[in-house]
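Take a look at the letters that make up each chain.
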Amino acid sequence: MRIVTTLLGLVLSVNAVEIHVSPDGSDKHPGTEQSPLLTLAKAREAARAAGGPSKVVLHEGTYRLEASLELDERDSNTMWLAAKGADVRISGGIQIPVDELNPVKDAKVLERLPEASRGKVVELALPGKGSGGSEAWPLRFRGYAGWPEVYIDGRAMNLARWPNEGYAMIAKVLDKGSQPRNGEKPDRGGAFLFKESAPGTWRSDEPIYLGGYWCHKWYDEFVRVESIDAAKKQIKMAAPHHYGLGGNSKGLYFAINLLEELDQPGEYVYDGKRNMLYLFLPNDAQGSLHVASLSETLLVAKKVKNLELSGLTFENGCLNAIDLTDCESVRVTGCTIRQFSGSGVVVSDGLDCGIDACHIYNLGKSGARLSGGDRQTLTPSKHFVTNTRIHHFARLVQTYCPAVGINGVGQTVSNNHFHDAPHCAVQFGGNDHQITFNHIERVCQDTADAGAIYCGRDWTLGGNRVHGNFIHDLGAASTHGNWGVYLDDMASGIEVSSNIVMNTASGVLVGGGRNNMIVGNVFINCPKRSIRYDARGTGWVSKSRSWLDKPDGTMWKRLSALPYQAGVWNERFPYLAEIETDAYKEPRNSVVSGNMVFKSPALNLDKLVTQHGTVEGNATHVAAPELLLEGGRLKASDENLKPFHGIAVGPAAR
């Protein structure tokens, strides 16, 4: 990846036609440094007309897009870069100075506001026609339904919420409702009793939506309210939750976008019918308000070869920042990507595309998603995320929106820093991925039964390597604790080696899989578990879960979709050809060796793991060593950790 990037830069520096753009330019100009163009669309036309390698140089300022900037094969062999030292922003939003906002005067709005908020809430009429607001939202959705998001001083404001912190809990489930997850028809919304007085006071002119972990602490969803009976303290939902109400979470929920609950700084309400925002600004608000308005991805590239985006800031959109589809050798380097309701960068198919040395944050969904390569032939895509910091992601869709999600074959996620998020940092499927030397902290903050690095429910995950990662200070969970590395539901064929998991509830969970290597890891102050390797396929899964059943269970479908009995699959993973006759429900043929446990429980391995695998050289120590991260390099006080001294994790490793 580094060699390709360097060669492209050399070619362009010698042969490229330079095209200059500036917010002070004009599209009637020739596009020279002295007479720059005004718009990115015109710069794209000029680069295409040049007929060869091009450099599009963006000078300081904000470039607001009212539609996606679309690139195709005609835009190959091009760099889009910031001029030296320039702060260049490509934005999908509008900017409003705070001092131009006026207090609310509408009597009907003031009447619904909490008394303490009156006089403190300001209003903003948005340009254009309203979306219809929550009248147009689906009956149920995950995380986001298209409202304009608001940012100030680099922070996301939130739709007014009740309760302000944490969740309310269902007092009693009256009707669990139908369960779409199990294919139950027809749809039937659930019903429950509530404890608090607030829901009985809501009289919104628009539909009321409640979101939360209705059944499990690892699946969030918003559902519309059909009715509230204040006297009976009863809420009837207009649609079912995916898993039905109740369950392990006991029904955790909250309300959004109600004027009655606009009661603290940093909140706002969107009135879609009138296209108005009502904002309770932070006490220290200054400068300008940024409202994301573009509902399309800012930059879309399809079938482009040899493209580099360098030193640019992408911000303020209601979807994604960058989508790369079927591209080759496209690199996003040294860029800042922030303040999107969707994801940062989405790479689909193609070859050798990715992100290096970027800063990505304030995202409603994932930092990056990579898919590509051919699983039938195990041909890698060589996509990558390297030397990049991703944080405060999954703000809106709080589960299964990792910092980086990877699928397909042959992706690299290395030397990154991931932190501050409700659920997992890396989620993977497919084969031959390298997840190495990442620094991961403060994730899994609002979920349970989760892993900082996670995969699951697949025998065909051979060739994946989780190595040298430093994972620490994950969120605590009262039930189904969170794990540093979680190989869920029979995930198999994976190497988990030389990782350090520290100051978190539990280290590594292997959910009954086969042919895994759990080698040379270190666990420091993990009070619940160090390593747990169970045999769930022979226990509760075989009794209550259909995904292990032949021939239509998920495990068998994923296996049969691949040529696992012949060719390169049989050469690389010969154990799959024999799995049907080799006690497939048992955790066989795994290696658990050389792991070190400090001030944490000893390994908890099912007897079948030991009986049909290799378990050796694991050591338990009473005292916890001092372990520091200085300048991106690990320093430990314990002689047992000598092999880890000086190892670099995160962006400092580059």
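Here's a quick rundown of the structure. Keep in mind it's a predicted model, so treat the numbers as computed, not measured. (Residues numbered from 1 in each chain as written. Predicted model: local features only at pLDDT ≥ 70, side-chain atom pairs only at ≥ 80, totals over all residues. Heavy atoms only, no water.)

**Some remarks on the overall build of the chain**
Stated precisely, the cut-off is as follows: In this text, helices come from DSSP runs of H or I with a minimum length of four residues, and strands from runs of E with a minimum of two, each type numbered from the N-terminal end. This radius of gyration counts C-alpha atoms alone. The globule rule is 2.2 Å times how many residues there are, raised to the power 0.38. By definition, residues are in contact when any of their heavy atoms lie within 4.5 Å. All accessible areas in this document rest on Shrake-Rupley with a 1.4 Å probe, and a residue is counted as covered only by the protein chains that are shown. The convention is simple: Lys and Arg are positive, Asp and Glu are negative, and His and the chain ends are not counted. Every charge is mapped onto a representative atom, which is NZ of Lys, CZ of Arg, CG of Asp or CD of Glu.
Regarding its fold elements, the chain presents 7 helices and 59 strands. Rg of the C-alpha trace for the chain: 26 Å, near the compact-globule value of 26 Å for 654 residues, within the 12% margin. By principal-axis analysis of the C-alpha atoms, the chain measures approximately 75 × 70 × 50 Å. For the chain, contacts bridging at least 24 residues in sequence account for 67% of all contacts bridging at least 6. Entry remark: accessible area of the chain is about 25700 Å², with carbon and sulfur atoms responsible for 48%. Charge separation in the chain, taken as the distance between the mean sites of 68 positive and 72 negative side-chain charges, equals 4 Å.

**Some points on the layout of surface pockets**
Heads up, the rule is: Both cavities and pockets are sets of points on a 1 Å grid over the protein atoms alone; in a cavity a 1.4 Å probe fits but cannot get out, in a pocket the set is open with protein on both sides within 12 Å along at least five of seven lines, and lining residues sit with an atom within 4 Å of a point. Grid points are joined across faces, edges and corners, and a volume is the space filled by probe spheres set on the points. Charged means Asp, Glu, Lys or Arg here, nonpolar means Ala, Val, Leu, Ile, Met, Phe, Trp, Tyr, Cys or Pro, and polar covers whatever is left, Gly included.
In this structure, the second largest pocket spans a volume of roughly 960 Å³. Residue lining of the second largest pocket: 37 residues in total, with N158, R161, R395, L396 and Q398 positioned closest to the centre. Looking at the lining of the second largest pocket, the elements with two or more residues in it are β12 (155-156), β13 (158-159), β19 (221-229), β21 (252-256) and β22 (267-271). Across the lining of the second largest pocket, the residue classes tally to 15 nonpolar, 11 polar and 11 charged.

**Notes on the environment of Q434**
Where we set the bar: Exposure categories follow from relative accessible area, calculated using a 1.4 Å probe and restricted to protein chains: below 20% of the type maximum is buried, above 50% is exposed, and the middle band is partly exposed. Pairing of N or O atoms within 3.5 Å defines a polar contact, subject to two protein rules: one partner must be a possible hydrogen donor and the other a possible acceptor, and residues neighboring in sequence count only if both atoms are side-chain atoms.
Along the chain, the position of Q434 falls in strand β41 (residues 434-436). Residue class for Q434 comes out partly exposed when judged on its relative accessible area of 27%. The spatial distance from the C-alpha of Q434 to the C-alpha of G408 is 12 Å, given a sequence separation of 26 residues. Sequence-distant contacts of Q434, defined by excluding residues within four places in its chain, comprise Q411, T412, V413 and R465. Looking at Q434, its side chain comes within polar contact range of the side chain of R465, at 3.3 Å.

**A few points about the sheet that holds strand β9 (residues 122-125)**
Defined as follows: The rule for pairing is simple: two strands pair if DSSP sees at least two bridges between them.
Strand order in the open sheet formed by 5 strands is β8-β9-β23-β22-β13, and the pairing between neighbours is mixed. Taken across any chain shown, the strands that pair with only one partner, and hence form the sheet edges, are β8 (102-103) and β13.

**Focus on the pairing of strand β37 (residues 404-408)**
Across the 5 residues that make up β37, a large majority, 4, are buried. Across 5 bridges, strand β34 (residues 368-372) lies against β37 in parallel orientation. When the sheet's bridge partners are listed, L370 is paired in β37 with I406.

**Topic: the sheet that holds strand β46 (residues 483-488)**
The 12 strands lie next to each other as β4-β25-β28-β31-β34-β37-β40-β43-β46-β49-β52-β55, forming an open sheet whose pairing is parallel. Strands at the two margins of the open sheet, each flanked by one partner only, are β4 (69-71) and β55 (604-605). In terms of strand pairing, β46 meets strand β49 (residues 506-510) through 4 bridges, oriented parallel. Its bridge partner being in β49, W483 is matched across the sheet by S506.

**Let's talk about the pattern of salt bridges**
As a working rule, side chains carrying opposite charge can pair if their charged atoms are close by. Short version of the rule: The term salt bridge refers to a pairing of a side-chain nitrogen on Lys or Arg with a carboxyl oxygen on Asp or Glu at a separation within 4 Å.
In total, this model carries 34 salt bridges according to the counting rule given. With its nearest N and O atoms 3.9 Å apart, the salt bridge here joins R89 to E315. Taken as a pair, R89 in strand β6 (residues 88-91) and E315 in strand β27 (residues 313-317) lie far apart in primary sequence, 226 residues in all. Accessibility expressed as a relative area gives 25% for R89, which makes it partly exposed. One network of salt bridges, with partners in common, ties together R457, D488, D489, D534 and R536.

**Examining the state of the cysteines**
Rule in force here: Two cysteine sulfur atoms form a disulfide, by the criterion used here, when they sit within 2.5 Å.
Going through the model one piece at a time under the given rule, you end up with 0 disulfides. For the unlinked cysteine C215, the closest cysteine sulfur is that of C424, found at 19 Å. A residue is classified by how much of its surface remains accessible, and C215, at 5% relative accessible area, is buried. Free of any disulfide, C353 has its nearest neighbouring cysteine sulfur in C327, separated by 5.4 Å.

**A short note on the nonpolar core**
Put simply, the rule is: Nonpolar core, defined: a set of buried Ala, Val, Leu, Ile, Met, Phe, Trp, Tyr and Cys residues in which side-chain atoms within 4.5 Å join the residues together.
W80, L309, L312, F314 and I322 are the most contacted members of the largest nonpolar core, which has 91 residues in total. Per-element tally for this core: the top contributor is strand β5 (residues 78-82), with 4 residues. Beyond its immediate chain neighbours, meaning those up to four positions away, I322 contacts T297, L299, L309, F314, V332, I337, G344, V345 and V346. Formed by 30 residues, the second largest nonpolar core is a distinct cluster that contains I94, I152, F254 and Y270.

**Some details on the environment of P199**
Tracing the backbone through its elements, the reader meets P199 in the loop between β17 (191-193) and β18 (209-213). Take P199: its relative accessible area is 0%, and that puts it in the buried class. Separated by 80 residues in the primary sequence, P199 and G119 place their C-alpha atoms 24 Å from one another. Setting aside residues up to four positions removed in sequence, P199 forms contacts with W162, F194, I228 and I235.

**Some points on helix α2 (residues 40-50)**
Under the convention used in this document: Here the arc refers to the set of directions running from the helix axis out to each C-beta atom.
Burial in α2 covers these residues: L40, A43, R44 and A47. Taken down its axis, α2 places every buried residue within 105° of arc, on the same side. Those residues of α2 that are buried are in contact with β1 (17-21), β2 (54-58), β3 (61-64), β4, β5 and β6.

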